[in-house]
Amino acid sequence: MLPVEVIIDAITFSNLLALLALGLTLTYLTLKVPNFAHGDLVAAGVYVAFSLHKLCGIHPYLAIPVAFLVCGAISLASYLLVYRPLWRRGAGIVTLMIASIAVEIVLRSGLHIYADVLSSHLKTFTRGFSFAWLDWSVEMYGRTLTFVVIASTCTLMAVTISLYLFLSKTRFGTAMRAAIENPSLASSLGINVDLVYAVSWFLAGALAGVAGVFLPFRMPSDPEVGWEMLLRTFTASILGGLESLMGAILGGLLTGFAEVLGIYVLSKPPVSLSTAYRPAISCALFIMVLLVAPGGITSLDWRRVLRWRRK
Amino acid sequence: MIDILRLLLDFVALYSIYLILSVSLNLEYGYTGIPNFGKVLFFAGGAFVVGAVTARMLAPLAGVSLADYKLRNVVVSSQVTSFLSSNPLLSMGVLFSMLVLGALVGAILGWIASYPAIRLREDYLGMTLVVAGEIMRRIALNYDPLICGTLGVAVPSPYSFLRGITLDVFRTGFMFGVAMLVWYLAERLAHSPFGRLLRAVRDNELAAEALGKDVVKVRAIALVVGSGMAGLAGALYAFYTGVVHPNDCVPIRTFVVWVMVIIGGAGNNTGAALGSLIYLGVEKIIAIAKYYVHGIPFEINYVSYIALGIALILLLMFKPEGLVPERPPQIRSRSEAGES
């Protein structure tokens, strides 16, 4: 039987992955290019929370709105300054992908420089830090829960519900879906496709920033954490089908659970795998999804799957 | 004086490795249109196999015990090196056979990678190859019997029968020679009928298929040859640095090769050669400048990465064809061809 701690850990981790996959899918829907710089927005969120805590003494949870705005702004800037000009020049997928890797390198190196400067200014370590000791604990059903589980779950639920309401009930949300579905038709009907895309990029970065605030509660963080999360986010998005927002949330949850529970089971006696292989689980899952269901879980015809199993 | 010579030799040696890598990426992306974002995977294949096999293969010959190899690999490697230093012929044999093995491993990995590469769209392929490279690095980091995990493995030097500066000159000359050979072969390939076929597949897959060409096979061959070259570069690198560590093979190495090809201009080998020269030159200048600049509270290498990223974005925007644009292949008229 799985201990409750492992499941709680899996819930936190999956929530973060779901937030990230949601953002990645939002940007993929606009330009149809996987954004390799998405992971670094998480790292940016981490450093927003860290700096506010160290410099102003603000508790990381209160830094969430700031991280939301800052990372959203970074993402928006990368869209306006890099991807949109390239896209307007008729750049293909490969060119946009190279550009996004370039943005990734710039952001990651920028964060490294920022961490170095911060460290020489504050005379403390600015890499490998954790917020775990800052976290509140909550008594629930006779167990002590860390607050980050509750906070990240509530955030994910709030994001999911508000995104759903936004996309289905508001005029702008409907315009957004139209612009994503068929940009040229939407723009001929007077929808400002440019604005819609910009909002998508802002939201994607903002969600990554929020995930970045939660991340140090869960694991030690440094500027490289973005790249590590990026590969898992790819898995989550591919699992969700890359074109569906609800699929992305589901994919994020599944990937998170597969990784945390998978390494727990595999590190026990019959297999006794080293826990250092943990990141390889989501990578292996990525390859498996491409082989078995390249369109992701949302593309599967469940009735056919069930019929096949009954045979 | 000797320092400048060594600096130059080191530069040329590194240049040879990157020249092979950029020529191979150019073959895949520039000529055939396969965006290989996992170059480091094939490079790692060559480097890892050299690291894993060389010392273990020679230890019984040299009479060195392999017990507790993980912790004693540096000792074993230096004992094997001293054994090799008295056997020039054996050293050369080992060097050549390991280079061939490295290229072979790269080619096999390329053959495996061609399975997704032929079937997936560019965006999916890019993600897949990046992820595959990362799996390879994770396994190398954690599976000790391969290249001793996080400790890294020392590689015996097959050049050790020479001494002092002669060694450096010979080593760099050898590496540059191999790179030139690869360059020559790639150039011949590009100007052969097969090279035209590669460009045809890149420019219009449907038309090539309609003319009875096996597009799938052509792309697979390009990937296998390109990956073989990358494996060769990895093997040369392992023998040059004398140490193989899993973290040598981080994804940024792939990206560096991409920068070289984009700077120089995809679709011609002169561009790839020029691009790698410019990139390495800038990197070396920044590395040297680091020793003369003091009082900056951060690592200057990051500045060079930022400059690299920004330069690449600007290049993609304003000069996407690179410094040396691809020229249309020379076409000779029928009468001219008949005369010659």
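Residues numbered from 1 in each chain as written. Chains lettered and ligands numbered in written order. Predicted model: local features only at pLDDT ≥ 70, side-chain atom pairs only at ≥ 80, totals over all residues.

This part covers the overall build of chain A. When its secondary structure is counted, chain A shows twelve helices and two strands. Order of helices (α) and strands (β) in chain A, N terminus to C terminus: α-α-α-α-β-β-α-α-α-α-α-α-α-α. Relative to its length of 311 residues, chain A is compact, with a C-alpha radius of gyration of 20 Å against a globular reference of 19 Å. Dimensions of chain A, computed from the C-alpha atoms along their principal axes, are close to 65 × 55 × 35 Å. Expressed as a percentage of the 311 residues in chain A, the buried residues total 49%. Excluding contacts between residues fewer than 6 apart, the proportion of contacts in chain A whose partners are at least 24 apart in sequence is 74%. (Helix = DSSP H or I, 4+ residues; strand = E, 2+ residues; numbered from the N terminus. Rg over C-alpha atoms; globule rule 2.2 N^0.38 Å. Buried ≥ 20, exposed ≤ 12 C-beta atoms within 10 Å, placed from the backbone. Contact = placed C-beta atoms within 7 Å.)

This paragraph deals with the overall build of chain B. Helix and strand content of chain B: 14 helices and two strands. For a compact globule of 340 residues, the expected C-alpha radius of gyration is about 20 Å, and chain B comes in at 21 Å, within 12% of that figure. Based on the C-alpha atoms only, the size of chain B along its principal axes is roughly 65 × 50 × 45 Å. Evaluated residue by residue, chain B yields a buried proportion of 46% over its 340 residues. Within chain B, counting contacts between residues at least 6 apart in sequence, those at least 24 apart form 80% of the total.

This part is about the packing of helix H2 (residues 39–62) of chain B against helix H4 (residues 88–119) of chain B. A pair of packed helices is characterised by two quantities: the angle between their axes and the separation of those axes. Residues and elements named next belong to chain B. Between H2 and H4, whose axes approach to 8 Å, the crossing angle comes to 140°. It follows from the interaxial angle that H2 and H4 lie oblique. Read as a crossing pair, H2 and H4 show a hand that is right-handed. Contacts between H2 and H4 involve Leu41, Phe42, Gly45, Gly46, Val49, Val50, Val53, Thr54 and Leu58 from the first element and Val94, Met98, Leu101, Gly102, Ala103, Val105, Gly106, Leu109 and Gly110 from the second. (Axes fitted to C-alpha atoms, helices over the stretch in contact; angles between N-to-C directions. Parallel < 35°, antiparallel > 145°, perpendicular 65-115°, else oblique. Left-handed = near helix turned anticlockwise from the far one by under 90°.)

Attention now goes to the environment of Glu228(A). Within the element layout of this structure, Glu228(A) appears in helix H9 (residues 225–239). When the C-alpha positions of Glu228(A) and Gly39(A) are compared, they lie 7.6 Å apart, and in sequence the two are 189 residues distant.

This next bit is on the interface of chain B and chain A. Listed as interface residues are 32 residues of chain B and, on the opposing side, 36 residues of chain A. Of all the elements in the fold, those that place two or more residues in the side of chain B that touches chain A are helix H5 (122–142), helix H11 (252–264) and helix H13 (300–318) of chain B. Per-element accounting of the side of chain B that touches chain A gives the leading share, twelve residues, to H5(B). Along the lines of polarity and charge, the residues of the side of chain B that touches chain A split into 23 nonpolar, four polar and five charged. (Nonpolar A, V, L, I, M, F, W, Y, C, P; charged D, E, K, R; others polar.)

Further remarks concern helix H8 (residues 193–203) of chain B. Residues and elements named next belong to chain B. Listed in full, the buried residues belonging to H8 are Leu197, Leu198, Val201 and Arg202. Along H8, the residues classed as buried sweep out an arc of 140° about the axis, all on the same side. With respect to the buried face of H8, the exposed residues turned more than 90 degrees away are Pro193 and Asp203. (Arc of directions from axis to C-beta.)

A few words now on unusual backbone geometry. Residue and element names in this part refer to chain A. You will see that Lys32, though not glycine, has its phi angle at about 60°, which is positive. Among the structural elements, Lys32 can be located in the loop between helix H1 (4–31) and helix H2 (38–56). Assessed through the 14 C-beta atoms surrounding it within 10 Å, Lys32 is described here as partly exposed. For Leu242, which is not glycine, the phi torsion reads 65° and is therefore positive. Its location among the elements puts Leu242 in the loop between H9 and helix H10 (245–266).

To continue, consider the confidence of the model for chain B. Residues and elements named next belong to chain B. This prediction gives chain B a mean pLDDT of 84; 96% of its residues lie at or above 70. Between the elements of chain B, mean pLDDT differs from a low of 58, seen in helix H14 (residues 334–339), to a high of 91, seen in helix H10 (residues 215–241). Per the prediction output, this complex has pTM 0.85; the corresponding ipTM is 0.84. (pLDDT = per-residue confidence, 0-100.)

On to the packing of H2(A) against helix H3 (residues 64–88) of chain A, then. Residues and elements named next belong to chain A. In contact at an axis separation of 9 Å, H2 and H3 are set at 140° when each is read in the N-to-C sense. Looking at the two axes, H2 sits oblique to H3. Classified by chirality, the crossing of H3 by H2 is right-handed. Residue-level contacts link Leu41, Ala44, Gly45, Val48, Ala49 and Leu52 of H2 to Val66, Ala67, Val70, Cys71, Ile74 and Ser75 of H3. When the residues that make up the contact of H2 with H3 are grouped by side-chain class, the tally is ten nonpolar, two polar and no charged.

What follows deals with the environment of Ala248(A). Residue and element names in this part refer to chain A. Tracing the sequence through the fold places Ala248 in helix H10. Given 32 C-beta atoms within a 10 Å radius, Ala248 is considered buried. Sequence spacing of Ala248 and Ala18 is 230 residues, and the spatial spacing of their C-alpha atoms is 6.5 Å. Aside from chain neighbours lying at most four places away, what touches Ala248 is Ala21, Leu22, Thr25, Ala236, Ser237 and Gly240.

This part covers the environment of Thr254(B). Residues and elements named next belong to chain B. Take Thr254: it is sitting in helix H11. Residue classification places Thr254 among the buried residues on the basis of 25 C-beta atoms within 10 Å. Once residues lying within four places of it in the same chain are set aside, the contact partners of Thr254 are Phe37, Gly38, Lys39, Val40 and Gly133.

For H3(A), spanning 25 residues, the distance from its first C-alpha to its last is 34 Å, which sits close to the expected 36 Å at 1.5 Å a residue. Of all the bends in H3(A), the largest measures some 35° and sits at Tyr79(A). Inspection of H3(A) places Ala67(A), Phe68(A), Val70(A), Cys71(A), Gly72(A), Ile74(A), Ser75(A), Ser78(A), Tyr79(A), Val82(A), Tyr83(A) and Leu86(A) among the buried residues, and these make up the whole buried set. Elements in contact with the buried residues of H3(A): H1, H2, helix H4 (93–122) and helix H8 (193–218) of chain A together with H13 of chain B. Immediately beyond the C-terminal end of H3(A), within one or two residues, lies Gly90(A), with a positive phi of roughly 80°. (Expected span 1.5 Å × (residues − 1). Bend = angle between axes of the 7 residues up to and from the residue.)

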